[in-house]
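Chains, contacts and geometry: an overview
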Amino acid sequence: MNELEIKDLNAYYGDFLAVSQVNMDIPDKSITAFIGPSGCGKSTLLRTLNRMHEAVPGGRITGEVALEGQDLYGSGVDPVGVRRKVGMVFQKANPFPSMSIYENVIAGVRLRNKRISRKDADELVERSLRQANLWDEVHDRLQTPGGALSGGQQQRLCIARAVAVEPKVILLDEPCSALDPVSTLAIEQLLLELKERYTVVIVTHNMQQAARVSDQTAFFHADAEAWAELTRLEATLGDKSLPQGTRPPGRLVEYAPTDELFNNPRNKATADYLSGRFG
Amino acid sequence: MRSETLTPQRAGAAAAAFSVVAALAAVLGFLLIQGWPALSAGLGELPSHAENMWQLAGPLVFGSVLVAAIAMLFALPVALGTALYLVFYAPKRVATVLGGALDLLAAVPSVVYGLWGIMVLAPALAGPYAWLNENLGWIPFFAGEASATGRTALTAALVLAVMVLPLTASVIRSALALVPEASIEGAYALGATRWETIKLAALPFARRSIVAGSMLGLGRALGETMAVAMVLSPTPFLIGIKLLTSENPNTVAAYLAQTFPESHGIETSALIALGLALFAITCAVNSLARWITREKTK
């Protein structure tokens, strides 16, 4: 079953088109990796999936993103509600610095349920930290500041914070790019466990990481030559052409089961990227 | 690289820095030496026919602290709201215009605030004061007989509140502007509304600066002379918390300004000793602010 369905999605920053015409379906209880060179729009696309893109000044989209068949951008849909169903973990671990580990984990739950009992809160904190494979390391110091943990532990604390609100989907934006190999491995193992319960979408710069953890991989690329070709075509067709020097938007070049994409890419750009010829 | 040789630039900069300390020492020495005789002064020697220094200083220090504290009570919520609006809610252009207006508010001379207080604010508030007195007179602050002129401790506090608002708001605003974007995004991504994001990520981060901004504002309010001297209609030696009556405690700074021109001899010493007391209070408040902001860099 498809958890997320992306239809004709264009993402803009003001007038700048960052991602163009993405159509893809993301199956539930699986890991989907977004890969591609810098500036290909993969992080922007990720942020459209929980409406964080519009938190940036000028951020807007056209098209549709549906979660379990419900358009996340439909009229009357509250972005705050969307973000509770689609959680997010960022490149840089961002636990709330003034809060303890315990308070960090239940911060999201406290927003909606202020009167959660001590017992329920304790259970939730333990369950979430166990899901994030962090419980054994921190259970005896839950009241210490979250900012005092190591980088890898902080990132897992952020994952615990995200799963505590019981989302359907967890988005991760290059979650390991600031971590050492051991912490990275811990996160990757965690992702494989998380997909039993959640739909996971991860943006990564690291092709090996995508190959190791993901079930399907999407390759994005902002192809300057193809873009130039297209704008020429549009100009001849009478549409308004774009000003010179406009950066090309990112496009979904190829999307396939991970094994297939890595072993047998159909698109030449995908093959070139995977073999390290650019990016 | 910093050179160890004594260049003219280095000597000049050092001289400028140490001249600050020298000025401070000179002022402190002046206050101590000149004010000392008043501490042992007796009946008939002190201004306002005070019996001793304590009878003179007590009510004035009380008045200063009372009026300044009430001023902060009004200024802090407005300053916090202003800073939050400028940083988190206002469109960029509105924030620029409002921020400029806030800075201009700080540039208005205090004598102008005094004129405004005495000619506009006080008469305008006489009516509301009468209403407060009639309906909420059971609250000690609003008890007594409401002043017909509006030149009360509360009016003085309100003028002070407007005067310290820019300082307090700009301290809080610069702290809020430094809240890490990562924390803000983290809160949004958890499904926090904007206000919840402010509570979750911004206010805890800026907490110390909010306290420090209040302290700096309090220090300014304690030392303010002109506006209070013009607005307040004081009663000698009064210690009281009825804010709406025409009998009000005076403040140290205002009393100095009013009494100094006609003082001589030991009276002048007494006024200088009062100055020392005020200096001690503002020093304490500023040190407290320093100490609170200092912890933040730990």
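Look up a bit, the structure's there.
Below: a short report on this structure. Just so it is clear, the model here is predicted, and its values are computed rather than measured.

When helices and strands are tallied, chain A shows eleven helices and ten strands. Over its C-alpha atoms chain A spans a radius of gyration of 20 Å, differing by no more than 12% from the 19 Å that the globule rule assigns to 279 residues. Its C-alpha atoms give chain A principal-axis dimensions of about 65 × 45 × 35 Å. Counting every position in chain A, which comprises 279 residues, the buried fraction comes to 52%. Across chain A, the fraction of contacts at a sequence separation of at least 24, relative to all contacts at a separation of at least 6, is 71%. Total accessible area on chain A is roughly 12800 Å²; 48% of this is exposed by carbon and sulfur atoms. Between the mean site of the 32 positive side-chain charges and the mean site of the 36 negative ones, chain A shows a separation of 6 Å.

Looking now at the nonpolar core. If you look at the biggest cluster of nonpolar residues, it comprises 51 residues, and the most contacted ones within it are Met24 and Phe34 of chain A together with Leu176 of chain B. Dropping the residues within four chain positions of it, Leu176 of chain B is found in contact with Ala83, Leu84, Val87, Phe88, Ala202 and Ala206 of chain B.

Our next topic: a nonpolar patch on the surface. Residue and element names in this part refer to chain B. Among the surface-exposed residues, Val111, Val112, Leu115, Trp116, Met119, Val120 and Met226 lie close enough to one another that they form a single nonpolar patch of about 600 Å² accessible area. If you tally residues by element for the nonpolar patch, the top one is helix α4 (residues 110–136), at six residues. Within the fold, Val120 resides in helix α4.

The next subject is the sheet that holds strand β2 (residues 16–27) of chain A. Residue and element names in this part refer to chain A. Strand order in the open sheet formed by four strands is β2-β1-β4-β5, and the pairing between neighbours is antiparallel. In this open sheet, the two edge strands, each paired with only one partner strand, are β2 and β5 (70–71). Sheet topology note: the strand β1 (residues 2–13)/β2 ladder contains eight bridges and is antiparallel. Across the sheet, Tyr13 pairs through a bridge with Phe16, a residue of β2.

Residue and element names in this part refer to chain B. One can describe the packing of helix α2 (residues 53–89) onto helix α5 (residues 153–177) by two numbers: an axis separation of 6 Å at closest approach and a directional angle of 35°. Considering the relative orientation of α2 and α5, their crossing is right-handed. A breakdown of the residues in the contact of α2 with α5 according to their chemical character gives 28 nonpolar, one polar and one charged.

Looking now at unusual backbone geometry. Residues and elements named next belong to chain A. Located in the positive-phi region is Asp8, a residue other than glycine, with phi close to 50°. Despite not being glycine, Lys29 has its phi angle at roughly 45°, a positive value. Tracing the chain through its elements places Lys29 in the loop between β2 and β3 (31–35). Exposure remark for Lys29: the relative accessible area of 45% places this residue in the partly exposed category.

Thresholds, definitions, all that
- Residues numbered from 1 in each chain as written.
- Chains lettered and ligands numbered in written order.
- Predicted model: local features only at pLDDT ≥ 70, side-chain atom pairs only at ≥ 80, totals over all residues.
- Heavy atoms only, no water.
- Helix = DSSP H or I, 4+ residues; strand = E, 2+ residues; numbered from the N terminus.
- Rg over C-alpha atoms; globule rule 2.2 N^0.38 Å.
- Buried < 20%, exposed > 50% of the residue type's maximum accessible area, 1.4 Å probe, protein only.
- Contact = heavy atoms within 4.5 Å.
- Areas by Shrake-Rupley, 256 points an atom, 1.4 Å probe, with all protein chains shown as cover.
- Lys, Arg positive; Asp, Glu negative; His and termini not counted.
- Charge placed at Lys NZ, Arg CZ, Asp CG, Glu CD.
- Core = buried A, V, L, I, M, F, W, Y, C linked by side-chain atoms within 4.5 Å.
- Patch = residues over 30% accessible without salt bridge, like charges linked within 9 Å, V, L, I, M, F, W, Y side chains within 5 Å.
- Salt bridge = Lys/Arg side-chain N within 4 Å of Asp/Glu carboxyl O.
- Pairing = 2+ DSSP bridges.
- Axes fitted to C-alpha atoms, helices over the stretch in contact; angles between N-to-C directions.
- Left-handed = near helix turned anticlockwise from the far one by under 90°.
- Nonpolar A, V, L, I, M, F, W, Y, C, P; charged D, E, K, R; others polar.

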